[in-house]
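Summary of the model geometry
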Amino acid sequence: MRPIVGITCSMDEESIRLNTSYFRAIEEAGGLPILVAILQTPESLSQLSELLDGILFSGGVDIDPKHYNEEPLPNLGQITPDRDELEISLCRIFYEKNKPIFGICRGAQLINVALGGTLYQDIKTQLSNVLKHQQDAPAHAPTHKVFIEKDSILFSIVRTEILPVNSFHHQAVKDVAPVLKITARASDGVIEAVESNDDRFILGVQWHPERMFNHYREHFDLFRRFVEECARRRKRG
Ligand code: MN
């Protein structure tokens, strides 16, 4: 039986939307992807969290800064309050249940905020001398490097201290959540990966491996490890 992996998506009043590459990556990595959206009752979230072996928080628009006790700055982008509420609740439930959590781009930021951290609302205006983090190159093309801590889940997966990545973000982690640690940065200091402080599987990456996994083994291996952890921890539980 494949582990069942929930994938969150963009949503508004009328529709839900997810890039197909998230589904392809999880299925090719051995998981059974399930779309997670909209749910409004605590009972639904609780039942869903029992059904799923792990959750992937996907990319999307900005997180409302009220969730980290800030007022909106002029360069804050679009926000989706319903999605924020759903994902923050789910992240905390999966944390409590010690089930694997993987976050991509907005998803990495979401994990950090849900567990008590903060974000830069706009790195270009809040930090000086930042790299180009919103690339105009094709989505699969790496445009900057990330520098990875050796003592990390991330290093154990990609087995390199310097990894070329793509980049499509204008926000980033500012203060890391107490239960997380920083395990990769770009050369300008921008945080590019966070993960669990303890033996939970929680990994957030600021780049988009789902757009790179067809081209580069290291980025496919992120999905493979996540799915393996979903399977392994299901058996143990
Ligand atoms: Mn970047």
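Just so you know, these numbers come straight off a predicted model, no measurement behind them. (Residues numbered from 1 in each chain as written. Predicted model: local features only at pLDDT ≥ 70, side-chain atom pairs only at ≥ 80, totals over all residues. Heavy atoms only, no water.)

**Re unusual backbone geometry**
With a phi angle near 60°, Asn-69 is a residue other than glycine that sits in the positive phi range. Here Asn-69 lies in the loop between β5 (54-57) and α3 (81-96). With phi around 55°, Arg-159 is a residue other than glycine that occupies positive phi space. (Helix = DSSP H or I, 4+ residues; strand = E, 2+ residues; numbered from the N terminus.)

**Concerning the packing of α3 against helix α4 (residues 106-114)**
Running from N to C, α3 and α4 point in directions that differ by 65°, and their axes come no closer than 9 Å. Accordingly, the angle class assigned to the pair α3 and α4 is roughly perpendicular. For the pair α3 and α4, the sense of crossing is right-handed. Residues Arg-83, Asp-84, Glu-87, Ile-88, Cys-91 and Arg-92 of α3 pack against Arg-106, Leu-110, Ile-111, Val-113 and Ala-114 of α4. (Axes fitted to C-alpha atoms, helices over the stretch in contact; angles between N-to-C directions. Parallel < 35°, antiparallel > 145°, perpendicular 65-115°, else oblique. Left-handed = near helix turned anticlockwise from the far one by under 90°. Contact = heavy atoms within 4.5 Å.)

**Quick notes on the pairing of strand β13 (residues 202-205)**
Neither face of β13 is exposed, since Ile-202 and Gly-204 on one face and Leu-203 and Val-205 on the opposite face are all buried. Here strand β12 (residues 191-196) runs beside β13; their pairing, made up of 3 bridges, is antiparallel. Bridging across to β13, Glu-195 finds its partner in Leu-203. Here β12 hands over to β13 after 5 residues, the two strands then running antiparallel side by side. (Buried < 20%, exposed > 50% of the residue type's maximum accessible area, 1.4 Å probe, protein only. Pairing = 2+ DSSP bridges.)

**As for the pairing of strand β9 (residues 162-165)**
Along β9, the buried face is formed by Leu-163 and Val-165; none of Ile-162 and Pro-164, which line the opposite face, is buried. Bridge analysis of strand β8 (residues 144-148) against β9 gives 4 bridges, and the strand direction is antiparallel. In the strand pairing of β9, Phe-147 is matched with Ile-162.

**Regarding the pattern of salt bridges**
Following the criterion strictly, the structure yields 12 salt bridges and no others. Notably, a salt bridge pairs Asp-53 with Arg-234, separated by 3.4 Å at the nearest N-O pair. Residue Asp-53 is located in the loop between α2 (42-51) and β5, and its partner Arg-234 is located in helix α7 (residues 217-236); the two are separated by 181 residues in the primary sequence. Under the relative-accessibility criterion, Asp-53 is labelled buried at 10%. The partly exposed category is assigned to Arg-234, whose relative accessible area is 31%. In this structure, the salt-bridge partner of Glu-229 is Arg-233, at a minimum N-O distance of 2.8 Å. Of this pair, Glu-229 and Arg-233 both sit in helix α7, 4 residues apart, which is roughly one turn of the helix. Judged on exposure class, the residue Glu-229 and its partner Arg-233 are both buried. Here the residues in one salt-bridge network are Arg-83, Asp-84, Glu-87 and Arg-106, joined through shared partners. (Salt bridge = Lys/Arg side-chain N within 4 Å of Asp/Glu carboxyl O.)

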